[in-house]
Structures are given as structure tokens and as C-alpha cells.
Amino acid sequence: MSFNLHAGRLIAGKYEVVAQLGAGWEGEVYKIRETSSGIERAAKLFFPERNPGNKSVRFYATKLHKLRNCNMVIQYHNEETITVKGRKVTVLISEFVDGIMLSDLVQRAPGKRLQPYVALHLLYVLATGLEEIHQLDDYHGDLHSDNIIVQRQGLHFDLRLLDLFNWGRPKPSNMLEDTVDLIKIFYDILGGQKHYSKQPAWVKQICCGKKTALIKKKFRTAGQLRSYLESLSID
């Protein structure tokens, strides 16, 4: 199904729809404005068939609350129930994060790739942010350049993460997969296989040829990756 809420529609009696931000398997995300304060927020509407027993919403709300002090995680506000096309729909209200998707940032860059030093700064911020999540015995579970928002870029990046995935109870393997995903993102934003042979040695030492087994052997955690980057010798 599709909700297709139009701009100006009032939901839950207190939020005005501004625009649709995206859609996925679980539902649709809208930019909304709180009518009483004018504050902009984000609303994720869950397709009822993808949210049996409200389990998906409960997972997101609980996880976002647990990770509320992590710098790269969006802040959960509250849950609402509305009626759309005659069906009860659960809505998760969170902070609205303004910025550009990492995938779009890369597409707009010269040659549709980031330069090594820029990509290195970005990887370091990601590793540091993931380390915070892992230290709370949790994980992201679905890291890629379409769910990383770049709020500010320069010598330091401000990044936020979207769409935390539910693979069940946190396990070390989940955190290891997060770390592998970080390296693969780094590899891809540098231009991938097409440009890999010409990358400097220190880039190749991080990427490990994008070979999962080698990455897992070298970087067991996001914290280990962060520490490695801090001591990296760049010729």
C-alpha cells in the first residue's frame, strides 16, 4: 500500500505534513511541522502488514531510546496512531535531521567519488559513532550510504544514521558486520574497484581489497578501526 499524504494534511490533530522524505519496505517517512510550536520533526508511518502487533514500532522506539545519548542516532519523541484510508496506522515521531544523504554527496562530487583524505575523515567519524553504539551492546545492522545523512562537511563531518535494523538480540557478530560495512562504505565512496588500483597504500591497508574475511581479521570492532585510524601513518 501507499499512504501518499499530501502537504498540509493534519495528522494526530497536531502535526502538519510538509513533504514526503522517503519510502521503504516498512513504511513512509514524512517531514512534519508541530502546529503549536512550528518545530519540524520526522514521522515514520508503518504499513500495518509490516508492523504486526506493533512489534516494529516497539523495536524502533526502544532502540532509539536506548541509544539516545549516541551522537549519530536520531532522537525519538513519541508514538501516535492515526487513520489513513480507513486503516489504523502507527506513527513514530522523531527529530527531523536536515542534510544530504551520503550517496547524494558522493554523486555530486567531482568524478562521483570522494578524495582519500576527505573519505578518511568521514570514515573516522563513522567509526567513532559506531563505537558509541557498540559500547552500549547494540548495533546498526544495515549501514550503507543511503541511510547516512551528512549534516555538515569539512575538516570534520557531522553525520546521522537512519533505519537501524532488527536482527534480533545484539551479538558480537552484528557489531562485526557493522565494522565490515564501514570499510565497504569507505571503499565505495572512493570510487570502488574502478579506482582502487591507483589508491595510496594506506587506503588499501584499510580496505583490504573489500574482502570480508580479511576485514574481519584486521578490524574486529569499530573501536579497533577508530584506534587504527588514529595511529595511521600516511606517506
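Position labels on residues start from 1 in each chain and follow its written sequence. Only residues with pLDDT of at least 70 are given local features in this predicted model, and only at 80 or more are side-chain atom pairs given and counted; all residues enter the totals for whole chains, interfaces and linings. Side-chain numbers here rest on the full set of heavy atoms in the structure, without hydrogens or water.

J.: Where do I start with the side chain of Lys 44 in this structure?
T.: Secondary structure elements follow DSSP: runs of H or I no shorter than four residues count as helices, runs of E no shorter than two count as strands, and numbering proceeds from the N terminus. Position of Lys 44 relative to the elements: it lies in strand β4 (residues 40-46). Residue exposure (1.4 Å probe, protein chains only): buried if accessible area is under 20% of the type maximum, exposed if over 50%, otherwise partly exposed. Judged by its relative accessible area of 13%, Lys 44 falls in the buried class. There is a polar contact of 3.4 Å between the side chain of Lys 44 and the side chain of Tyr 60. We define a polar contact as two N or O atoms separated by no more than 3.5 Å, with the added condition that, inside protein, one atom must be a possible hydrogen donor and the other a possible acceptor, whereas residues neighbouring each other in sequence contribute only through side-chain atom pairs.

J.: Looking at this structure, I do not really get the nonpolar core. What am I missing?
T.: What tends to happen in soluble globular proteins is that the nonpolar side chains get buried as a cluster. Among buried residues, those of type Ala, Val, Leu, Ile, Met, Phe, Trp, Tyr and Cys that are joined through side-chain atoms within 4.5 Å constitute a nonpolar core. Core analysis: the largest hydrophobic core is formed by 57 residues, its most contacted members being Leu 102, Leu 126, Leu 159, Leu 182, Phe 186 and Ile 206. Residues count as neighbours in contact if any of their non-hydrogen atoms are within 4.5 Å of one another. Not counting chain neighbours up to four residues away, the residues in contact with Phe 186 comprise Ala 119, Leu 120, Leu 123, Trp 202, Val 203, Ile 206 and Cys 207. Phe 3, Ile 32, Val 84 and Val 89 belong to the second largest nonpolar core, which has 15 residues in total.

J.: Please clarify how the environment of His 65 should be interpreted in this entry.
T.: Within the fold, His 65 resides in helix α1 (residues 55-66). In this structure His 65 comes out as partly exposed when scored by relative accessible area, which is 44%. When the C-alpha atoms of His 65 and His 77 are compared, they prove to be 8.9 Å apart, with twelve residues separating the residues in sequence.

J.: What is the right way to read the packing of aromatic side chains from this model?
T.: Two measures describe an aromatic ring pair: the distance that separates the ring centres and the angle between the ring planes. Two rings from Phe, Tyr or Trp (for Trp, the six-membered ring) form a pair when their centres are within 6.5 Å of each other. A pair whose planes differ by under 30 degrees is stacked, one over 60 is edge-to-face, and the rest are tilted. Considering all chains together, one arrives at seven aromatic pairs under this definition. Taking the centre distance of 5.7 Å and the plane angle of 55 degrees together, the rings of Phe 46 and Tyr 60 count as tilted. With Phe 46 in strand β4 and Tyr 60 in helix α1, this residue pair connects regions lying 14 residues apart in the sequence. Judged by relative accessible area, which is 1%, Phe 46 ranks as buried. Of the aromatic side chains, those joined through ring pairs into one cluster are Phe 46, Phe 59 and Tyr 60. The cationic tip of Lys 204 hangs over the ring face of Tyr 196; the distance from NZ or CZ to the ring centre is 5.9 Å. The criterion is that NZ of a Lys, or CZ of an Arg, lies within 6 Å of the ring centre and within 35 degrees of the ring normal, and then a charge sits over that ring.

J.: Is there a simple way to explain the sheet that holds strand β2 (residues 15-23) in this structure?
T.: Spatial strand order, β1-β2-β3-β4-β6-β5: six strands in an open sheet with antiparallel pairing. Of all the strands in the sheet, the pair left with one neighbour each is β1 (10-11) and β5 (76-84). The sheet contact formed by β1 and β2 spans two bridges and is antiparallel. Paired with Leu 10 across the strands is Glu 16, a residue of β2. The pairing criterion for strands is at least two bridges between them, as found by DSSP.

J.: Hey, could you run me through the environment of Ser 227 in this one?
T.: Summarising the element assignment, Ser 227 is placed in helix α8 (residues 222-230). For the pair Ser 227 and Arg 87, spaced 140 residues apart in sequence, the C-alpha separation works out to 50 Å.

J.: What is the right way to read the pairing of strand β6 (residues 87-95) from this model?
T.: Counted residue by residue, β6 has seven buried out of nine residues, so it is predominantly covered. The pairing of β4 with β6 spans five bridges and is antiparallel. Looking across to β6, one finds that Lys 44 is bridged to Leu 92. As defined by bridge partners, β5 adjoins β6 across eight bridges and the pair is classed as antiparallel. From the neighbouring strand, Asn 78 faces β6, where its bridge partner is Ile 93. Here β5 hands over to β6 after two residues, with Lys 85 in that stretch at a positive phi of 55 degrees.

J.: Would you take a moment to explain unusual backbone geometry for this structure?
T.: If a residue is not glycine, its phi is most likely negative; likewise, a peptide bond is most likely trans. Residue Asn 54 is not a glycine yet carries a positive backbone phi of 65 degrees. At Lys 85, a position not held by glycine, the phi torsion is positive, near 55 degrees. Structurally, Lys 85 is set in the loop between β5 and β6. Take Lys 85: its relative accessible area is 60%, and that puts it in the exposed class.

In short, the description is geometric, and any link to function would need to be established separately.
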